[in-house]
Amino acid sequence: MCFISRIGIDQSVEIPIVVSAIAMPQERLHLTLFEPCQWIMVRRCVEWGSRMFGMCLHDVEKGFTDYGTVVEIQATENFPGKKMVVQAIPKQSFHVLSRGVVDGCPVAKVKWLEDSKIEDSETIVHLKWRNSMSHVMLKRWVARLPLDEKACIERALGPIPPCDSHMLLAPHGPPWVWWAMAAIPLQSQEKLRILVMPNVADRLQSIQKSLDSLLQSKKDRKPSDANEMKCTAPCTS
């Protein structure tokens, strides 16, 4: 199990996988674990120095999806009733290359994903416009929410991050995009699709379409299950 100490350093090692929900970059994640093998895995990640594991959605045929996110453990707490709560920060998305099981815990060899670079000046100008327009749409949607829903989202995610065009070409793009991904009612598979898009331009376009649909509808859509909205239910396995 010494491979755990190499997670995040050596891309050739297998990483432990928690099959649960989608973890978005810059999200504040509270994950509740009920399986003893998961508790052991988390303790090993902490004790052996990596403090990292992967998160993927469930897949009926493969066990878990082909894409996910590595998260870094910030704190853990054990509770009566045989459960552990893990506070973590998502760090890097990945593509699963192979699957396995170690001590009852799913593991995977993965390839880290990075956004393709955007260097064309005209594309960057258009990107800044879309970034600004989409941010305005997000604020408009939040302003239309009932006060209790708005307060719930802000308790879980904090206030909407500012529209900073300088962050467009950063490794994960503008923080507000990931805030929006956690706040607006999207199905898990749609979140996954946006997460693994190759660049910030595609992500912004998808977010803008989703916000436009929400603003055009007479009644905001609701998530199909409790885990879709981070303000109403924390991620649980």
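These numbers were taken from a predicted model, which means no experiment stands behind them.

**So, the overall build of the protein chain**
Inference 1: Within the protein chain, the secondary structure is distributed over six helices and six strands.
Inference 2: In sequence order, the protein chain lays out its α and β elements as β-β-α-β-β-β-β-α-α-α-α-α.
Inference 3: Considering only contacts in the protein chain between residues 6 or more positions apart, those separated by 24 or more positions represent 66%.
Inference 4: As presented, the protein chain carries roughly 12100 Å² of accessible surface, and 53% of it is formed by carbon and sulfur atoms.

**What about the confidence of the model for the protein chain?**
Regions with low pLDDT should not have their predicted coordinates read in detail.
Inference 1: Here the protein chain averages 83 in pLDDT, and 86% of its residues register 70 or above.
Inference 2: Predicted confidence for residues 1-5 stays below pLDDT 50, and this span has 16 contacts to residues more than four positions away or in other chains.
Inference 3: Low pLDDT, under 50, characterises residues 220-237; the predicted model gives this stretch 56 contacts beyond four residues in sequence or across chains.

**With respect to the pairing of strand E5 (residues 83-102)**
Inference 1: Note: strand E2 (residues 29-33) against E5, five bridges, orientation antiparallel. Paired with Leu31 across the two strands is Val86, which belongs to E5.
Inference 2: Judged from the 12 bridges that link them, strand E4 (residues 63-79) and E5 form a sheet pairing that is antiparallel. Directly across from Thr69, in E5, lies its bridge partner Ser93.
Inference 3: What sits between the antiparallel neighbours E4 and E5 is a turn of three residues, in which Gly81 has the positive phi angle 95 degrees.

**Let's talk about the packing of helix H2 (residues 121-143) against helix H4 (residues 175-183)**
Geometry of a packed helix pair, given as the angle between the helix axes and the separation of the axes.
Inference 1: The geometry of H2 relative to H4 is characterised by a closest axis approach of 11 Å and an angle of 35 degrees between their N-to-C directions. For the element pair H2 and H4, the recorded crossing hand is left-handed. Across the interface between the two elements, Asn131, Ser134, His135, Leu138, Trp141 and Val142 of H2 pack against Trp176, Trp179, Ala180 and Ala183 of H4.

**Topic: the layout of surface pockets**
Inference 1: For the largest pocket, the calculated volume is near 480 Å³.
Inference 2: Every residue lining the largest pocket is counted, 23 residues in all, and those nearest its centre are Glu114, Asp115, Ser116, Ala170 and Pro171.
Inference 3: When residues of the lining of the largest pocket are traced back to their parent elements, those giving at least two are E5 and helix H6 (200-216).
Inference 4: Partitioning the lining of the largest pocket into residue classes produces 14 nonpolar, five polar and four charged.

**Here we look at helix H5 (residues 188-195)**
Inference 1: When H5 is considered as a whole, its buried residues turn out to be Lys191, Leu192, Ile194 and Leu195. Axial view of H5: buried residues confined to an arc of 165 degrees, hence all on one face.
Inference 2: Looking at the buried side of H5, the elements it contacts are strand E3 (52-59), E4, E5, H4 and H6.

**Some words on the packing of H4 against H5**
Inference 1: Relative orientation of the contacting elements H4 and H5 amounts to 165 degrees, with a least axis distance of 11 Å. Taken together, the axes of H4 and H5 lie roughly antiparallel to each other. Once H4 is placed against H5, the crossing between them reads as left-handed. Where H4 approaches H5, its residues Trp178, Met181 and Ala182 are matched on the opposing element by Lys191, Ile194 and Leu195.
Inference 2: Taken together, the residues of the contact of H4 with H5 sort by class into five nonpolar, no polar and one charged.

**Observations concerning the pairing of strand E6 (residues 105-112)**
Inference 1: By the bridge criterion, three bridges tie strand E1 (residues 14-19) to E6 in an arrangement that is antiparallel. The residue bridging Ile15 from the neighbouring strand is Ala108, located in E6.
Inference 2: Where E5 meets E6, eight bridges bridge the pair, whose relative direction is antiparallel. Residue pairing for E6: Gly100 is matched across the bridge by Val107.
Inference 3: Where E5 hands over to E6, the hairpin turn is made up of two residues, of which Asp103 adopts a positive phi near 55 degrees.

**Remarks on the packing of aromatic side chains**
Inference 1: Throughout the structure, instances matching the rule amount to one aromatic pair.
Inference 2: Here the aromatic rings of Phe94 and Trp112 are separated by 6.5 Å at their centres, their planes lie at 75 degrees, and the arrangement is edge-to-face. Placement of Phe94 in strand E5 and of Trp112 in strand E6 is noted, with a sequence separation of 18 residues between them.
Inference 3: The class for Phe94 is buried, based on a relative accessible area of 0%.
Inference 4: With a relative accessible area of 21%, Trp112 lands in the partly exposed category.
Inference 5: Lys83 extends its terminal NZ or CZ atom over the ring of Phe79, reaching a point 5.5 Å from the ring centre.
Inference 6: Across the ring face of Phe64, the terminal group of Arg99 is positioned such that the distance to the ring centre comes to 4.7 Å.

The rules behind these values
- Residues numbered from 1 in each chain as written.
- Predicted model: local features only at pLDDT ≥ 70, side-chain atom pairs only at ≥ 80, totals over all residues.
- Heavy atoms only, no water.
- Helix = DSSP H or I, 4+ residues; strand = E, 2+ residues; numbered from the N terminus.
- Contact = heavy atoms within 4.5 Å.
- Areas by Shrake-Rupley, 256 points an atom, 1.4 Å probe, with all protein chains shown as cover.
- pLDDT = per-residue confidence, 0-100.
- Pairing = 2+ DSSP bridges.
- Axes fitted to C-alpha atoms, helices over the stretch in contact; angles between N-to-C directions.
- Left-handed = near helix turned anticlockwise from the far one by under 90°.
- 1 Å grid on protein atoms, 1.4 Å probe; cavity = no way out; pocket = protein on both sides within 12 Å on 5 of 7 lines; lining within 4 Å.
- Points joined across faces, edges and corners; volume = space filled by probe spheres on them.
- Nonpolar A, V, L, I, M, F, W, Y, C, P; charged D, E, K, R; others polar.
- Buried < 20%, exposed > 50% of the residue type's maximum accessible area, 1.4 Å probe, protein only.
- Arc of directions from axis to C-beta.
- Parallel < 35°, antiparallel > 145°, perpendicular 65-115°, else oblique.
- Phe/Tyr/Trp six-rings, centres within 6.5 Å; stacked < 30°, edge-to-face > 60°.
- Lys NZ or Arg CZ within 6 Å of the ring centre and 35° of its normal.

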